[in-house]
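Each chain, written out:
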Amino acid sequence: MELKTLIERIRNFNTLGMFNRDFLLTWEHCDDEIAAVFDVADALRLLRQEGISPRIFDSGLAVSLFRDNSTRTRFSYASAANMLGLAVQDLDEGKSQIAHGETVRETANMVSFMADVIGIRDDMYIGKGNSYMKEVAKAVEEGYRDGVLEQRPTLVNLQCDIDHPTQSMADMLHIIHHFGGVENLRGKKIAMTWAYSPSYGKPLSVPQGTIGLMTRFGMDVTLAHPEGYEVMSDVVSIAVENAEASGGKFSKTGDMSEAFRDADIVYPKSWAPYAAMEKRTNLFAEGDDVGIKALETELLRQNALHKDWTCTEDMMKLTKGGNALYMHCLPADISGVSCEVGEVESSVFERYRVPLYKEAGFKPYVIAAMMFLAKCKDPAAMLEKIIDGGNLRCR
């Protein structure tokens, strides 16, 4: 019955705009499309739990390009592709002709002859990642239009310099399940706060993705960070607009305690200052190794000034009922475990460890839903066809 309810909801969403379209930034998609990703993800999860194969491909390729290290997103992408029937092939730039000067346009077409999806993580440099994804998208669009490619591969943003849509969507689905439905989220307070880390250079795309998505649901979203750790102003503007449109709230504070006070959800996560990441990008472009080392030293010193920005048991007591939902994209810097002092106290992390793992477990289904909606013009009909076919998988 739950599957049938999901399918009927999906049938009523307008998802035609997702067909043969890339998924790069959540705010590029309308409310129906965002809601459809959640419901298709849940439907695919239920199908798998019932032992019904959700494969919509009998062959094909999902190309992955990771320009930064990854565990959860890399394996989530592979799991999603395999679940739908696609084989996964990593593009290792060091082993390709890219090292010999092959252009983006040529590479994009050469890896896409039988590819249905291309997943890219490019989050290291401000102004580069999202632009690179758009360049690849333009190249495969041209290849398809010119008859070089038999199909136009869909691009999925597995994290860029602006947004981390697969993470924020998985986080949101975790919140929806935790509170018993999206209709129960209005007025809930979420604190997206900076937290101390003994490392530097963590991307801004997680906090930006969070404020860019959570503000669409009538929630009270607070962004907290020390002075100097601002995120992109364009994304802040999107968060403000979303909050106004949804009847929610968006605010900023330089006080972690204020953000935690009466919060229903807390998300303490380190990130690098936007201005510093811009400078870092320029230094890498110039090949200035001395400048990069000096910047790293300065950022570590700056981080160390804010060691009190950490999620402790005392900080959690400030939240609503002292029992807010603690969230993190993982891996977290855990005080006394992975570092001397970090983003979260070990007792807090351990208390929420199982929910955190479940939070991460939504990501394969979210990615699969993005692929599914890009390849199925009528997703409700396709889900019904899968159920009617009744192809079973081992459990």
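Note that the coordinates shown come from a computational prediction; the quantities given were computed from them, not determined experimentally.

Before going further, it helps to examine the overall build of the protein chain. A tally of helices and strands in the protein chain yields 16 helices and eleven strands. In terms of overall dimensions, the protein chain has a C-alpha envelope of 55 × 55 × 40 Å along the principal axes. By the burial criterion, 57% of the 395 residues in the protein chain qualify as buried. Put simply, of all contacts in the protein chain between residues at least 6 apart along the chain, 82% involve residues at least 24 apart. When the accessible surface of the protein chain is totalled, it reaches about 17200 Å², and 49% of it is carbon and sulfur. One finds the centroid of the 43 positive side-chain charges in the protein chain at a distance of 4 Å from the centroid of its 57 negative side-chain charges.

We now examine the packing of aromatic side chains. Note on aromatic pairs: each is described by the distance of the centres and the angle between the planes. A complete count under the given rule lists five aromatic pairs for this structure. Taking the centre distance of 5.8 Å and the plane angle of 55 degrees together, the rings of Tyr 326 and Tyr 352 count as tilted. Here Tyr 326 is found in strand 9 (residues 325-326), whereas its partner Tyr 352 is found in the loop between helix 13 (346-351) and helix 14 (353-361), with 26 residues between them in sequence. The pair formed by Tyr 326 and Tyr 352 is uniform in burial state, with each residue classed as buried. Members of the aromatic cluster, each reached through a chain of ring pairs, are Trp 194, Tyr 229 and Trp 309.

If you trace the four strands from one edge of the open sheet to the other, you get 2-1-3-4, paired in parallel fashion. With one partner strand each, in any of the chains shown, strand 2 (87-90) and strand 4 (154-160) form the two edges of the open sheet. Neighbour to neighbour, the strand axes of the sheet diverge by 20 degrees on average, direction disregarded. Judged from the four bridges that link them, strand 1 (residues 61-66) and strand 2 form a sheet pairing that is parallel. When the sheet's bridge partners are listed, Ala 62 is paired in strand 2 with Val 88.

What follows deals with the pairing of strand 8 (residues 265-268). Residues of strand 8 alternate between two faces, with Ile 265 and Tyr 267 on one and Val 266 and Pro 268 on the opposite face, all of them buried. Here strand 8 runs beside strand 9; their pairing, made up of two bridges, is parallel. The residue of strand 9 that forms the bridge with Ile 265 is Leu 325.

Rolling a probe over the atoms, with the probe sized like a water molecule, indicates the empty space that remains. Taken as a whole and judged by the stated rule, the model has two cavities of 30 Å³ or more. As a volume, the largest cavity reaches approximately 80 Å³. The computed volume of the second largest cavity comes to approximately 40 Å³. Forming the walls of the second largest cavity are Arg 72, Gln 167, Ala 170, His 328, Cys 329, Glu 359, Ala 360 and Lys 363. Where the lining of the second largest cavity is concerned, the elements lending two or more residues are helix 6 (165-178) and helix 14.

Analysis parameters
Residues numbered from 1 in each chain as written. Predicted model: local features only at pLDDT ≥ 70, side-chain atom pairs only at ≥ 80, totals over all residues. Heavy atoms only, no water. Helix = DSSP H or I, 4+ residues; strand = E, 2+ residues; numbered from the N terminus. Buried < 20%, exposed > 50% of the residue type's maximum accessible area, 1.4 Å probe, protein only. Contact = heavy atoms within 4.5 Å. Areas by Shrake-Rupley, 256 points an atom, 1.4 Å probe, with all protein chains shown as cover. Lys, Arg positive; Asp, Glu negative; His and termini not counted. Charge placed at Lys NZ, Arg CZ, Asp CG, Glu CD. Phe/Tyr/Trp six-rings, centres within 6.5 Å; stacked < 30°, edge-to-face > 60°. Pairing = 2+ DSSP bridges. Axes fitted to C-alpha atoms, helices over the stretch in contact; angles between N-to-C directions. 1 Å grid on protein atoms, 1.4 Å probe; cavity = no way out; pocket = protein on both sides within 12 Å on 5 of 7 lines; lining within 4 Å. Points joined across faces, edges and corners; volume = space filled by probe spheres on them.

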